Amino acid sequence: MAAQPDAGILLDGVSKTFGLRGASVTALEKISFATRRGSFTAVIGPSGCGKSTMLRMLADLEAPTAGRLFANGRTPSDLRRDGKLGIVFQEPALLPWLTVRANIDLALRVTGTRPDGADTDALIDLVGLDGFQDARPAELSGGMRQRVAVARALVTAPEVLLLDEPFGALDELTRRRLNHELLRIWAAQATTTMLVTHSIEEAAFLSDTVIVMSPRPGRILAEVEVPFGRPRDAGLLREAAFHRFADTLSEILAAGEADARG
Amino acid sequence: MHADDAALPTAARGAARFGGLPGGAETALLLVALVLAWEALARMVLANAFALAAPSQIALQLAESWDLYARNLGATLWTAVQGFVIGNLIAILAAALIVTIPALERPVFSAALAIYALPIIALAPILMVLLDRDAAMVALSALAVIFTTLVAAALGLRSADPAALDMVHVLGGSTWQKLVRVRVPAALPSLFAGLRIAAPAAVLGATVGEFMGAERGLGVLITNALADLETTRVWTVAALATALSTGGYLLIGWVGRRLTPWAGEMEIVQAAERGGGARRSGGQGQRLARLAGTIGVNLLVVFGGWALFIHLAGLNAFFAKGPVDVWQFLFAVPDAASNRQSVFGGLPTTIGNALLGFLAGMTGGVLVAILFVLRPSVERAAMPVAIALRSIPILATTPLVILLFGRTLAATTMIVAILSFFPTLINLVVAMRLTRRSITDLLRVLNADRWTILWRAELPTALPALMASARIAVPTSILGAVIVEWLITGVGMGNAILSGVYHAEYAILWSVAVVLTLLSMAAYGLISLAERAVLRRFAPEHLQ
Ligand SMILES: Nc1ncnc2c1ncn2[C@@H]1O[C@H](COP(=O)(O)OP(=O)(O)OP(=O)(O)O)[C@@H](O)[C@H]1O
Ligand SMILES: [Mg+2]
């Protein structure tokens with residue numbers, strides 16, 4: 001099943017348990033779902049339900065306790081070795097001794113590509129950091145650092161893009177602008193994308209499918225197809241259908257929380 | 001920024017001011033005032049006491065006999081530079097080794113700690129006969145730098161941001177790429193902090209060798225001048241020794257800042273003293289088991305390393321005594337009882353001298369640090385001076401304090417205290433400044449007064465730094481006490497070394513060396529335990 005040409009992200013009975021000083025914490029329990037290659041998937045769920053853990057397993061940073069994961073028909077470790085993954089963490093993870101440009105180029109160097117100044121500059125411009133090419137991370141605000149991290153994830157034109165609340169630290173306007181740019185780039189590159197977010201609106205606006213998770217141990221409450229066509233623009237945010245859809249997602253989340261308590 | 005930063009202990013403020021060599025108008029004024037006061041004191045109050053030479057007299061003396069001073073300064077500098085390079089190379093390689101092969105961490109760390117705890121003053125006469133004289137002095141200088149650099153380099157290599165390593169990993173980067181692109185640059189600030197402390201330590205090691213009898217060097221000059229009661233010459237050599245130590249310290253600091261402009265102040269100032277081997281949390285039982293294990297490994301490393309050294313080096317049996325020889329000397333031969341008396345008789349005195357000086361230095365450091373934090377104008381003027389004096393060598397302080405205060409207990413205490421005073425002061429001030437801005441802001445919003453902020457936020461934040469300073473200062477205090485006893489007062493373990501050298505009884509010297517090493521290691525261990533208890537409460541994030 002892993003060889004299908006249109007396979008995107010595929011989780012097959014994935015569980016993850018952490019051992020913590022004798023006690024064990026089950027972060028994820030028997031997660032299975034499949035997305036199409038080139039699709040945009042959003043994951044929402046309460047804090048601590050294992051969203052980051054799922055992403056880290058797809059990034060080959062963590063091994064599942066049980067089950068298998070694939071992205072674009074290949075194992076995470078295969079993809080990683082070929083330099084086909086892109087990731088943005090909750091924290092920007094910039095190297096403090098490198099300038100903005102050098103931090104972005106680092107991704108190219110590590111994946112064995114010669115940095116092309118023009119591409120990097122275009123990306124810096126895109127994330128709104130023109131003029132800060134030679135600044136060091138310490139000279140940037142938290143949100144600016146996060147934008148550098150986004151540019152760094154995009155510069156290698158990855159086949160699979162993993163985003164862990166990348167815009168959590170940004171103001172609403174910048175966030176929306178970057179979301180639009182993200183959609184534009186995603187549409188142009190057909191990147192299989194998975195976005196973890198706390199914003200229901202963001203999930204509904206950006207993705208093809210929203211995966212709603214339960215409180216820990218994380219299970220899938222629902223896999224919801226987003227019923228809006230593309231391309232999408234800011235007008236969608238004002239439509240009543242959009243708000244009804246967002247409300248549906250909220251209700252699923254709330255029902256999951258209530259279940260977990262009682 | 002002078003007006004409004006008075007009450008803001010933030011990293012940003014510190015970084016701005018700390019960025020360069022000692023500078024600023026306040027500091028310049030303070031220095032001029034100090035030199036004038038010194039000159040006046042020497043010319044008027046103490047003019048006939050043969051205790052204090054005026055700065056002008058020192059300048060004159062330097063101008064008159066420049067060749068003599070330059071030759072000896074050059075000799076000490078050359079020894080120290082060789083020791084610095086060799087010792088630090090060994091330390092960096094060892095750090096790379098324990099970071100790559102964690103199983104080696106305990107034994108390698110124990111060996112480095114034992115080397116740090118080695119009383120180089122007791123080792124000096126032994127090395128002098130075992131090795132070529134120049135080589136012995138270089139070896140002493142190298143030994144003096146190994147531990148702090150090892151700790152700093154290992155800490156640095158481990159300090160890479162895990163998220164940055166993850167990022168390179170996700171991009172398909174190899175272990176080598178992680179090392180070159182992330183780990184090594186991340187290690188540089190900490191490494192330079194270690195190298196900076198190593199510069200004066202290398203000078204100390206070199207001069208201890210010179211005390212023991214060399215042809216040239218500042219140590220030789222000062223011993224002669226002190227014997228002849230040549231006050232001006234003593235002060236001149238002390239000034240040169242201070243310039244050498246401080247110059248090395250400031251130079252390495254400057255190079256470090258140029259190479260690592262991104263580094264935070266904390267890393268630059270005290271990284272070398274923060275680490276201290278693996279610190280892990282765990283239950284009471286686990287902790288006890290680990291303690292027993294650590295003690296076992298330490299003893300094994302000390303005695304095993306010692307026996308191995310004697311065995312492999314194939315040294316002359318008259319000079320080179322192994323553990324068995326020393327055991328027989330202390331417990332088996334007919335004279336054992338009197339031998340024990342010559343070795344252990346002075347131990348209580350030495351412990352007393354070291355402890356008194358240690359406590360005085362730590363207390364002074366804490367009090368002045370509080371003064372600095374409460375009075376930012378004082379801090380602004382005096383901090384650069386304190387940083388420069390941090391590396392004032394015992395070679396300079398000992399004769400000066402003795403000239404001024406005589407061969408008294410107070411003088412001994414003061415000499416030992418100076419060794420821990422400046423490092424403690426600087427570490428505390430920096431640590432207090434780094435108190436989380438949000439916490440002090442919160443307290444201010446709640447209308448807390450200055451003392452409450454100090455007591456509730458700044459001092460607890462600085463507690464780990466205080467403990468780290470204490471841990472590092474203990475072996476230094478013991479070494480300082482023995483050096484003073486040996487050089488000046490002729491009591492305690494210093495006296496045992498004198499008599500060992502005088503009677504050519506090398507078993508005494510080996511016994512003294514091993515007793516002092518174990519004493520230093522035990523004291524270091526005790527403070528580490530206390531430190532862990534403090535960290536568990538105040539900074540659990542520092543425990544792994
Ligand atoms: N390295 C680890 N060791 C032990 N437990 C872990 C580790 N990483 C995560 N966990 C546990 O796994 C669970 C899920 O964590 P995860 O970071 O995936 O949550 P999350 O859904 O991303 O939460 P948030 O929305 O707050 O970021 C948590 O209970 C956490 O305590
Ligand atoms: Mg998370």
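On a predicted model such as this, the values are computed, not experimentally measured, just so you know. (Residues numbered from 1 in each chain as written. Chains lettered and ligands numbered in written order. Predicted model: local features only at pLDDT ≥ 70, side-chain atom pairs only at ≥ 80, totals over all residues. Heavy atoms only, no water.)

Enquirer: How should I be thinking about the domain arrangement of chain B in this particular structure?
Expert: How big an interface is tends to be expressed through the accessible area that disappears when the partners come together. Residues and elements named next belong to chain B. For chain B, the domain assignment lists domain 1 (66-275) and domain 2 (329-539). Counting residues at the interface gives 46 residues for domain 1 and 45 residues for domain 2. When domain 1 packs against domain 2, close to 4000 Å² is buried across both sides, 78% of that on carbon and sulfur atoms. Here domain 1 and domain 2 share two residue pairs in polar contact (both at pLDDT 80 or more) between them. Of all the secondary-structure elements, those providing two or more residues to the side of domain 1 that touches domain 2 are α5 (105-117), α6 (120-130), α9 (175-211), α10 (218-227), α11 (231-259) and α12 (265-274). Per element, the largest residue contribution to the side of domain 1 that touches domain 2 is 10 residues, and it comes from α11. (Domains from an automatic or database assignment. Contact = heavy atoms within 4.5 Å. Buried area = accessible area lost by both parts, 1.4 Å probe. Polar contact = N/O pair within 3.5 Å; in protein donor to acceptor, adjacent residues only side chain to side chain. Helix = DSSP H or I, 4+ residues; strand = E, 2+ residues; numbered from the N terminus.)

Enquirer: What exactly am I supposed to notice about helix α22 (residues 492-502) of chain B here?
Expert: In an α-helix, one full turn covers 3.6 residues, which means residues spaced three or four apart are oriented alike. All names here are of chain B. Turning to α22, its buried residues number three or more, namely Gly-492, Met-493, Gly-494, Ala-496, Ile-497 and Gly-500. For α22, the secondary structure elements touched by its buried residues are α6, α15 (336-344), α16 (347-374), α21 (450-489) and α23 (506-538). In the segment just after α22, Ala-504 is the residue with positive phi, at about 50°. (Buried < 20%, exposed > 50% of the residue type's maximum accessible area, 1.4 Å probe, protein only.)

Enquirer: What should I look at first to understand the layout of surface pockets in this one?
Expert: Rolled over the atoms, a probe sized like a water molecule indicates the empty space that remains. Residue and element names in this part refer to chain B. Estimates place the volume of the second largest pocket at around 1300 Å³. Elements represented by at least two residues in the lining of the second largest pocket include exactly α2 (25-45), α11, α16, α17 (376-389), α18 (394-405) and α19 (409-433). Among the elements that make up the lining of the second largest pocket, the one with the highest residue count is α2 (seven residues). Tallied by class, the residues present in the lining of the second largest pocket amount to 31 nonpolar, four polar and no charged. The residues that make up the lining of the second largest pocket include at least three from each of domain 1 (66-275) and domain 2 (329-539). (1 Å grid on protein atoms, 1.4 Å probe; cavity = no way out; pocket = protein on both sides within 12 Å on 5 of 7 lines; lining within 4 Å. Points joined across faces, edges and corners; volume = space filled by probe spheres on them. Nonpolar A, V, L, I, M, F, W, Y, C, P; charged D, E, K, R; others polar.)

Enquirer: Looking at this structure, how should I read the interface of chain A and chain B?
Expert: The partner chain B presents 19 residues to the 23 residues of chain A that form the contact. At the boundary of chain A with chain B, total buried surface from both sides reaches about 1900 Å², with 69% on carbon and sulfur atoms. When the area that chain A buries against chain B is broken down by residue, the three leading residues are Arg-80, Trp-97 and Val-110 of chain A, summing to 35%. Across the chain A-chain B interface, the total number found is one salt bridge. Asp-166 of chain B is the salt-bridge partner of Arg-56 of chain A, the closest N and O atoms lying 3.0 Å from each other. (Salt bridge = Lys/Arg side-chain N within 4 Å of Asp/Glu carboxyl O.)

Enquirer: Would you explain the coordination of the magnesium ion (ligand 2) in this entry?
Expert: For a metal with four donors in a tetrahedral arrangement, the ideal angle between donors is 109.5 degrees, while six donors in an octahedron ideally sit at 90 or 180 degrees. Bound to the magnesium ion (ligand 2) on the protein side are Ser-52 of chain A (OG) and Gln-90 of chain A (OE1), at distances that span 1.9 to 2.7 Å. In this pair, Ser-52 of chain A sits in helix α1 (residues 51-58) while Gln-90 of chain A sits in the loop between β5 (85-88) and α3 (100-110), placing the two residues 38 residues apart along the sequence. (Donors = N, O, S within 2.8 Å, 3.2 Å for Na, K, Ca; no water.)

Enquirer: Just checking my understanding: could you explain the sheet that holds strand β4 (residues 66-71) of chain A for this structure?
Expert: Residue and element names in this part refer to chain A. Taken together, the three strands give an open sheet; going across it, the order is β2-β1-β4, and neighbouring strands pair in antiparallel fashion. With partners counted over all chains shown, the strands left at the sheet margins are β2 (23-36) and β4, one partner each. The average undirected angle you get between the axes of adjacent strands in this sheet is 20°. Across five bridges, the pairing between strand β1 (residues 7-20) and β4 is antiparallel. Paired with Asp-12 across the two strands is Arg-68, which belongs to β4. Contacting β1, β2 and β4, α1 runs over the sheet at an angle of about 115° to β1. (Pairing = 2+ DSSP bridges. Axes fitted to C-alpha atoms, helices over the stretch in contact; angles between N-to-C directions.)

Enquirer: How should I be thinking about the packing of α18 of chain B against α21 of chain B in this particular structure?
Expert: Residue and element names in this part refer to chain B. Two elements in contact, α18 and α21, have axes whose closest approach is 11 Å; the angle formed by their N-to-C orientations is 55°. When the axes of α18 and α21 are compared, the pair comes out oblique. For the crossing formed where α18 meets α21, the hand is right-handed. Across the interface between the two elements, Ile-394, Thr-398 and Ile-402 from α18 touch Gly-480, Ile-483, Val-484, Leu-487 and Ile-488 from α21. By residue class, the composition of the contact of α18 with α21 is six nonpolar, two polar and no charged. (Parallel < 35°, antiparallel > 145°, perpendicular 65-115°, else oblique. Left-handed = near helix turned anticlockwise from the far one by under 90°.)

Enquirer: Mind showing me how you'd approach the packing of aromatic side chains here?
Expert: Given two aromatic rings, their pairing is described by the distance between the two centres and the angle made by the two planes. Residue and element names in this part refer to chain A. Here the structure, examined in full by the defined rule, presents 12 aromatic pairs over all chains. On the numbers, 5.7 Å between centres and 40° between planes, the contact of Phe-228 with Phe-242 is tilted. Here Phe-228, found in the loop between β9 (220-225) and α8 (240-261), pairs with Phe-242, found in helix α8; they are 14 residues apart in sequence, far enough to count as distant. Grouping residues by exposure puts Phe-228 and Phe-242 together as buried. (Phe/Tyr/Trp six-rings, centres within 6.5 Å; stacked < 30°, edge-to-face > 60°.)

Enquirer: Help me out: how do you make sense of the pattern of salt bridges in this one?
Expert: As a working rule, side chains carrying opposite charge can pair if their charged atoms are close by. One pass over the full model with this rule turns up 19 salt bridges over all chains. Here Asp-60 of chain A and Arg-80 of chain A are joined by a salt bridge, their closest N and O atoms 2.8 Å apart. Pair noted here: Asp-60 of chain A is in the loop between α1 and β4 and Arg-80 of chain A is in helix α2 (residues 76-81), with a separation of 20 residues, a long-range link. On the basis of relative accessible area, Arg-80 of chain A is assigned to the buried category, the value being 6%. Where Glu-230 of chain B meets Arg-233 of chain B, a salt bridge forms, and the shortest distance between an N and an O atom there is 3.5 Å.

Enquirer: Would you mind showing me how to read helix α14 (residues 323-332) of chain B here?
Expert: Residues and elements named next belong to chain B. Listing the buried residues of α14 in full gives Val-326, Phe-329 and Leu-330. Buried residues of α14, viewed axially, fall in a sector of 85°; they line one side. Facing away from the buried side of α14 by more than 90 degrees, the exposed set consists of Val-324, Trp-327 and Ala-332. (Arc of directions from axis to C-beta.)

Enquirer: So what exactly am I meant to see when it comes to the site of ligand 1 here?
Expert: All names here are of chain A. Taken together, 15 residues surround ligand 1, and among them Ser-47, Gly-48, Lys-51, Ser-52 and Thr-53 come closest. A distance of 3.0 Å is found between an oxygen atom of ligand 1 and a side-chain nitrogen or oxygen belonging to His-198. A total of 630 Å² of accessible area belongs to ligand 1 in isolation, and the protein chains cover 68% of it. Only β1, β2 and α1 provide two or more residues apiece to the shell around ligand 1. Of all the elements, α1 adds the most residues to the shell around ligand 1, at three residues. Here the residues of the shell around ligand 1 sort into five nonpolar, seven polar and three charged. (Near = heavy atom within 4 Å. Areas by Shrake-Rupley, 256 points an atom, 1.4 Å probe, with all protein chains shown as cover.)

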